[in-house]
Amino acid sequence: METGILFDLDGVIYQNGKAIPGAVETLQWVKAHHIPYLFVTNTSSKPRAAVVEKLAAFGINANENLMLTPAIAASNWLKQQSNSPRVSLYIAEATKTDISGCNLVTDEQNVDAVVVGDLAQQWSFELMNTIFRQLMESPNSQLIALGLTRYWRTGNTLQLDVGPFVKALEYATGKQAIVCGKPSTSFFQAAAQQLQLSPENLMMVGDDIQGDINGAQQAGLRAIQVRTGKFQPSDLQHNIQPDAIIDSIADLPNWWKQHID
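An account of the accompanying structure is given in this report. Quick caveat: nothing in here was measured; it's all calculated off a predicted structure.

Looking at the overall build of the chain
Looking only at helices and strands, one finds eight helices and 15 strands in the chain. Over its C-alpha trace the chain gives a radius of gyration of 18 Å, about what one expects of a compact globule, namely 18 Å for 261 residues. The 261 residues of the chain split such that 54% are buried. In the chain, of all internal contacts separated by at least 6 residues, the share reaching a separation of at least 24 is 67%. Here the chain displays about 12000 Å² of accessible surface, and carbon together with sulfur accounts for 47% of that area. Where the 18 positive side-chain charges of the chain centre and where its 25 negative ones centre are 1 Å apart.

Comments concerning helix α5 (residues 163-173)
Of all the positions in α5, only Gly-163, Phe-165, Val-166, Leu-169, Glu-170 and Thr-173 are classed as buried. Along the long axis of α5, the arc covered by the buried residues comes to 165 degrees, so they all point the same way.

Some words on the environment of Ile-213
Along the chain, the position of Ile-213 falls in helix α7 (residues 209-218). Owing to a relative accessible area of 0%, Ile-213 belongs among the buried residues under this scheme. In the structure, Ile-213 is positioned 10 residues away from Met-203 in sequence and 9.8 Å away in space, judged by C-alpha atoms.

A short note on the pairing of strand β1 (residues 4-7)
Residues Gly-4 and Leu-6 of β1 are buried on one face, and the alternating residues Ile-5 and Phe-7, pointing to the opposite face, are buried as well. In terms of strand pairing, β1 meets strand β13 (residues 202-206) through four bridges, oriented parallel. From the neighbouring strand, Leu-6 faces β13, where its bridge partner is Met-204.

Structural notes on α7
Listing the buried residues of α7 in full gives Ile-209, Gly-211, Asp-212, Ile-213, Gly-215 and Ala-216. On its buried face, α7 sits against α6 (185-195), β13 and β14 (222-226). For α7, the side-chain oxygen to backbone nitrogen distance between the N-cap and Gln-210 is 2.9 Å, and the N-cap itself is Asp-208. Phi for Gly-220, located one or two positions after α7, is positive at around 95 degrees.

A closer look at the state of the cysteines
Within this structure, the stated rule accounts for zero disulfides. Just so you know, Cys-102 is unpaired, no disulfide at all, and the nearest cysteine sulfur is the one on Cys-180, 11 Å from it. Overall, the relative accessible area of 17% leaves Cys-102 in the buried class.

Some points on the layout of surface pockets
Empty space within the largest pocket amounts to approximately 510 Å³. Asp-10, Thr-43, Trp-152, Arg-153 and Asp-161 are, among the 30 residues lining the largest pocket, the residues nearest its centre. Residue assignment for the lining of the largest pocket shows that the elements contributing at least two residues are β2 (14-15), β10 (151-154) and α7. The greatest single-element share of the lining of the largest pocket, amounting to four residues, is contributed by β10. Classifying every residue of the lining of the largest pocket by side-chain character gives four nonpolar, 14 polar and 12 charged. What the second largest pocket holds in volume is close to 310 Å³. Every residue lining the second largest pocket is counted, 17 residues in all, and those nearest its centre are Ala-73, Asn-76, Trp-77, Ser-186 and Ala-190. Elements supplying a minimum of two residues to the lining of the second largest pocket: β5 (67-68), α3 (70-81), β12 (178-179) and α6. When the residues that make up the lining of the second largest pocket are grouped by side-chain class, the tally is 10 nonpolar, six polar and one charged.

Describing the sheet that holds β12
Here five strands make up an open sheet; going across it, the order is β7-β6-β8-β9-β12 and the pairing parallel. Of all strands in the sheet, those bounded by a partner on one side alone are β7 (103-104) and β12. Sheet topology note: the strand β9 (residues 142-145)/β12 ladder contains two bridges and is parallel. What sits directly across from Ala-145, in β12, is Val-179. On top of the sheet, helix α4 (residues 125-137) reaches β6 (86-90), β8 (113-116) and β9; it is set at about 165 degrees to β6, its chief contact. Sheet strands in contact with α5 are β8 and β9, and its direction is about 165 degrees off that of β9.

Criteria and thresholds
Residues numbered from 1 in each chain as written. Predicted model: local features only at pLDDT ≥ 70, side-chain atom pairs only at ≥ 80, totals over all residues. Heavy atoms only, no water. Helix = DSSP H or I, 4+ residues; strand = E, 2+ residues; numbered from the N terminus. Rg over C-alpha atoms; globule rule 2.2 N^0.38 Å. Buried < 20%, exposed > 50% of the residue type's maximum accessible area, 1.4 Å probe, protein only. Contact = heavy atoms within 4.5 Å. Areas by Shrake-Rupley, 256 points an atom, 1.4 Å probe, with all protein chains shown as cover. Lys, Arg positive; Asp, Glu negative; His and termini not counted. Charge placed at Lys NZ, Arg CZ, Asp CG, Glu CD. Arc of directions from axis to C-beta. Pairing = 2+ DSSP bridges. Polar contact = N/O pair within 3.5 Å; in protein donor to acceptor, adjacent residues only side chain to side chain. Disulfide = S-S within 2.5 Å. 1 Å grid on protein atoms, 1.4 Å probe; cavity = no way out; pocket = protein on both sides within 12 Å on 5 of 7 lines; lining within 4 Å. Points joined across faces, edges and corners; volume = space filled by probe spheres on them. Nonpolar A, V, L, I, M, F, W, Y, C, P; charged D, E, K, R; others polar. Axes fitted to C-alpha atoms, helices over the stretch in contact; angles between N-to-C directions.

As structure tokens, then:
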């Protein structure tokens, strides 16, 4: 049975607005060897089309069908629950184009779901309280998180991602969020289904020890940790043990030849 690859993007393929050295060549190698692959990202601040455009600027040809994002996963989940559910979106404006088949409402009671994504500098007490009240005033509503990433690297600093805000809303409302993104097992299963491969025949390549490595392993995949992006040496001092560790995506072809081919 062939083995496929799931690639994280930020921190693995590119970082700080530049392609990581060797990323373009590695992806060319993957295509040349006809290895099934998919980009799986927790990016919720931009739609798939924008990510495809960003990759193209690095010389990486991709299309939206090669990309699984939390917004797409959330849209699919919502459409499976009911016909035209009433949904409030607290996500980046551009990303809303990836949420389809829903009746979008704002600041109203009796919603079926509230979708929360990374809002960066827009987070405030007022915004958190608005989301909190809406969830409380719609007792049967579902909190949907576009990923549960704790933080990400921007430049030389770390920045909070959506995860901490979702956890605060869970604590305040007593609701358990449906996570449409890493490290959710259902997200990795959706990626496996899209590639028509079983989880045990997939390899996740990521920089996040929790979201990428632990999440993938919990879903039955194997996982390769790269030492780029948000990786810190202290990550390897936890109980999570990657199936392999490489310096960067540039080292993937050689590792693959030794362990997979």
